[in-house]
Amino acid sequence: MADVTAPGRRRDRADRADRAARMDRATADPVPADDQRGQLILVAGLALALSFVALVLILNSAVYTENLATRGDDAPTTDALAYREDVRQGVAGAIEYSNRHNNASGSEREARKTALKTALNRSIDEWNELAVQHAALGGRAATVSEPTGYVWGTQLGQNGERAFTDTDGSSAWSPATGVSEMDRFRMSVNRSVLAGSRLDSFELRFRNSVGDTWSLHVYNSGGTTWVHIDDFTGSEDRCGDTDGNHTEIDLVRGTVDGKDCSALDFADASPSSYDIEIANGDDAAGIYELVVGPVASTGNAPYATPAIRAATVKLDYESPSLHYESTLSVEPHDPGAIRATGTGGSDVPDGDGSTDTPPSVTIDEAASEHTEENGNKHDFDVEGSVTDDTTVASVEIKLYDPSGNLIGTKRQSFASSSVTIDVTFDDVKINNKDSGTYRVVVTAYDDAGQSGADEWTVSVS
Amino acid sequence: MSPIDPVDRVLDRAFGHDDRAVSTTVSYALNLSVATILMTSLLVASAGFVDDQRERAIRTELPVLGGQLADDVSTADRLANTPGTDSVVITSDLPQEVAGRTYEITVRGGTDPHLLLSTTDPTVVVGVNLTLLEGSPASIPAGETSLSGGTVEIEYDGSTGILEITENTDG
């Protein structure tokens, strides 16, 4: 029996020993081997956490994009276009300056063109140097090239006050023929020298190849300068100006004394090619400036030089997000108000680069006397002298009635540096209603076309 | 008297008629399975939610990026339209990814130019019209080009009038 029970007891003992050993292990190791499946929750929790992080990142990027959508970022274009406009302004100023100040060096047309180019290149180089530095401050690279092309024209006119005659003193002449493009035609006319009525007044004509003529008269009627236009179709119109003693007429802009003058709109309808002619040039004095494109010929204006009508430059602009290259054709600035740059044209280039002083006129006396007893006819006697540094070519004596109408003109030709004048307007008929202050104007021209003038008033009662 | 199972008899002998350990084991197993089911369903739900949100985010972002690119193309077109323009290069700095996914930009030229921005996984395709100025010298040649999202260059060549969108090769 002991054999039967003995194994059972032995197993009991062995079980107890085993359990005791497991208890010992259990107390020695705090994590029981069977509890390691708890990591499932840990791992799953971690995975859940990661997915929430991913969600946050996605939502964050969505927020960022929404933010991006509300940003309007046009700055790179604005800067590039602003630079382009700066270049246009800068180069336009440089061309205008070169045209105005570098037109007298060298007598040959080609030499003058070279001088103009050199001056313009120098100006643009200097401008570019400053612009590059300025752009570099903002982290940009911006350059403008020297001109790669030019459009040439002719600039002519007179920049000292004198009659609108040519350099030979001729009052009927043609400043330019075969004109196809006119960029600028401005004149400033002295009211006191103008004729008193449209008849025989200063006239500017534009005649096309088939003989159609637009005609512009300038005269002074009762203290108003009238600009009268009639075209070949028979329509006519006029604009007046009473301000100051000079009237500025801009044919290209269509203004008289800065105010719009619809009568001048004929310039818009100019034919493809026309001649510009002046008649009665001695019935107006002042300054004028004319810039024309290709012409068949030019007359003897006090100055006629080549001028840059446009220059082509290339610009290159680079910012972090934009690279922009452009070719610009730049026309010169409009130089503001026309004004005399010398009295009597002392700085007028006379063709060979030297300058010339206008003649000096002095009226010693002007008087009137009755020519018959109890009659209404008067003689006007004018005495004076003219001197010049070269030769006095001609002298013009004009008599105006109290309301500004021209009564008579006398011309005398000379070839001496000092001349005396003694002229008489015979038998001028003066009724009682015509009494008042009569005006005598003496204008002298030298051989270079410069002029000088003097006035004298005579009271007739 | 019910017959006694020999195994029970052995167990009775081994544990000395102790049943309490059985309930611990069952509750442990139940705990574990409930936790597993909970975690699995949470994970599945959150993954689905994240994917859903990702798709919605992509759907919001692609039109914005397309709009930005179209804006830059318009800018290039406006510059091209200013007289005398020889060349324009605009660098459009777009992100490489939207909501953690890379995307592709397809440019379709011709008479009705537009952009298609697309992602795969999730599959989202968004179209954006390109508007060029009327009478502009610039034109996008007909045909289709694809590029991967990221920094893009818009190039206009004044001599040919072609406006081209390319990948930025400088990185």
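Reference entry: report on the structure contained in this document. Values in this document were obtained by computation on a predicted structure and should not be read as measured data. (Residues numbered from 1 in each chain as written. Chains lettered and ligands numbered in written order. Predicted model: local features only at pLDDT ≥ 70, side-chain atom pairs only at ≥ 80, totals over all residues. Heavy atoms only, no water.)

**Regarding helix α4 (residues 109-137) of chain A**
Residues and elements named next belong to chain A. Between its first and last C-alpha, α4 extends 43 Å over 29 residues, near the 42 Å set by a 1.5 Å rise per residue. Listed in full, the buried residues belonging to α4 are Arg-112, Lys-113, Leu-116, Ala-119, Leu-120, Asn-121, Ile-124, Asn-128, Ala-131 and Ala-135. At the exit of α4 stands Gly-139, carrying a positive phi of roughly 75 degrees. (Helix = DSSP H or I, 4+ residues; strand = E, 2+ residues; numbered from the N terminus. Expected span 1.5 Å × (residues − 1). Buried < 20%, exposed > 50% of the residue type's maximum accessible area, 1.4 Å probe, protein only.)

**Side note on the sheet that holds strand β8 (residues 236-241) of chain A**
Residue and element names in this part refer to chain A. Across the sheet, which stays open at both edges, the seven strands sit in the order β8-β7-β6-β5-β12-β3-β14 with antiparallel pairing between neighbours. The open sheet has two edge strands with one neighbour each: β8 and β14 (297-298). Bridge count for strand β7 (residues 224-230) against β8 is six bridges, and the pairing is antiparallel. Looking at the pairing, Ile-229 lines up with Asp-237 of β8. (Pairing = 2+ DSSP bridges.)

**Some remarks on a negative patch on the surface**
All names here are of chain A. Residues Asp-125, Glu-126, Glu-129 and Glu-146 make up a contiguous surface patch of negative charge. Tracing the backbone through its elements, the reader meets Asp-125 in helix α4. Residue Asp-125 is classed as partly exposed on the basis of its relative accessible area, which comes to 34%. (Patch = residues over 30% accessible without salt bridge, like charges linked within 9 Å, V, L, I, M, F, W, Y side chains within 5 Å. Areas by Shrake-Rupley, 256 points an atom, 1.4 Å probe, with all protein chains shown as cover. Salt bridge = Lys/Arg side-chain N within 4 Å of Asp/Glu carboxyl O. Lys, Arg positive; Asp, Glu negative; His and termini not counted. Charge placed at Lys NZ, Arg CZ, Asp CG, Glu CD.)

**Considerations on the sheet that holds strand β6 (residues 124-129) of chain B**
All names here are of chain B. Pairing within the open sheet is antiparallel, and its four strands lie in the order β6-β5-β4-β7. Looking at which strands have only one partner, the edges of the open sheet turn out to be β6 and β7 (144-148). Across the sheet, the axes of successive neighbouring strands diverge by a mean angle of 20 degrees, strand direction being ignored. Across six bridges, strand β5 (residues 114-119) lies against β6 in antiparallel orientation. In the strand pairing of β6, Leu-115 is matched with Val-128. (Axes fitted to C-alpha atoms, helices over the stretch in contact; angles between N-to-C directions.)

**Describing the interface of chain A and chain B**
Counting from both sides, the interface comprises 36 residues of chain A and, opposite them, 35 residues of chain B. Of the roughly 3,000 Å² buried at the junction of chain A and chain B (both faces included), carbon and sulfur atoms supply 62%. Counting the surface chain A buries against chain B, the share from its top three residues, Leu-48, Ile-58 and Thr-65 of chain A, is 16%. Taken together, the links from chain A to chain B amount to one salt bridge. Summed over the shared surface of chain A and chain B, the number is 13 residue pairs in polar contact (both at pLDDT 80 or more). Put simply, the parts of the chain that give the side of chain A that touches chain B at least two residues each are α1 (2-28), α2 (39-69), α3 (75-101) and β16 (322-330) of chain A. In terms of residue count, the dominant contributor to the side of chain A that touches chain B is α2 of chain A (17 residues). The residue makeup of the side of chain A that touches chain B, split by class, is 16 nonpolar, nine polar and 11 charged. Here β16 of chain A runs beside strand β1 (residues 85-93) of chain B; their pairing, made up of five bridges, is antiparallel. (Contact = heavy atoms within 4.5 Å. Buried area = accessible area lost by both parts, 1.4 Å probe. Polar contact = N/O pair within 3.5 Å; in protein donor to acceptor, adjacent residues only side chain to side chain. Nonpolar A, V, L, I, M, F, W, Y, C, P; charged D, E, K, R; others polar.)

**Considering the state of the cysteines**
Residue and element names in this part refer to chain A. In this structure the tally under the stated criterion is one disulfide over all chains. Residue pairing for Cys-239: its cysteine sulfur links by disulfide to Cys-261, the two sulfurs lying 1.9 Å apart. Disulfide Cys-239 to Cys-261: torsion about the S-S bond roughly 90 degrees, handedness right-handed. Pair noted here: Cys-239 is in strand β8 and Cys-261 is in the loop between β11 (259-260) and β12 (274-279), with a separation of 22 residues, a long-range link. Of the two residues, Cys-239 and Cys-261, neither departs from the other in class, the shared state being buried. (Disulfide = S-S within 2.5 Å.)

**Focus on the nonpolar core**
Counting 62 residues, the largest nonpolar core has Ile-105 and Leu-115 of chain B as its most contacted members. When near neighbours in sequence (up to four residues on either side) are disregarded, Ile-105 of chain B contacts Leu-69, Leu-94, Leu-115, Leu-116, Leu-117, Thr-145, Ser-146, Leu-147, Gly-149 and Val-152 of chain B. In this structure, Phe-185, Val-218, Val-227 and Ala-284 of chain A belong to the second largest nonpolar core, which totals 34 residues. (Core = buried A, V, L, I, M, F, W, Y, C linked by side-chain atoms within 4.5 Å.)

These figures capture arrangement, not role.
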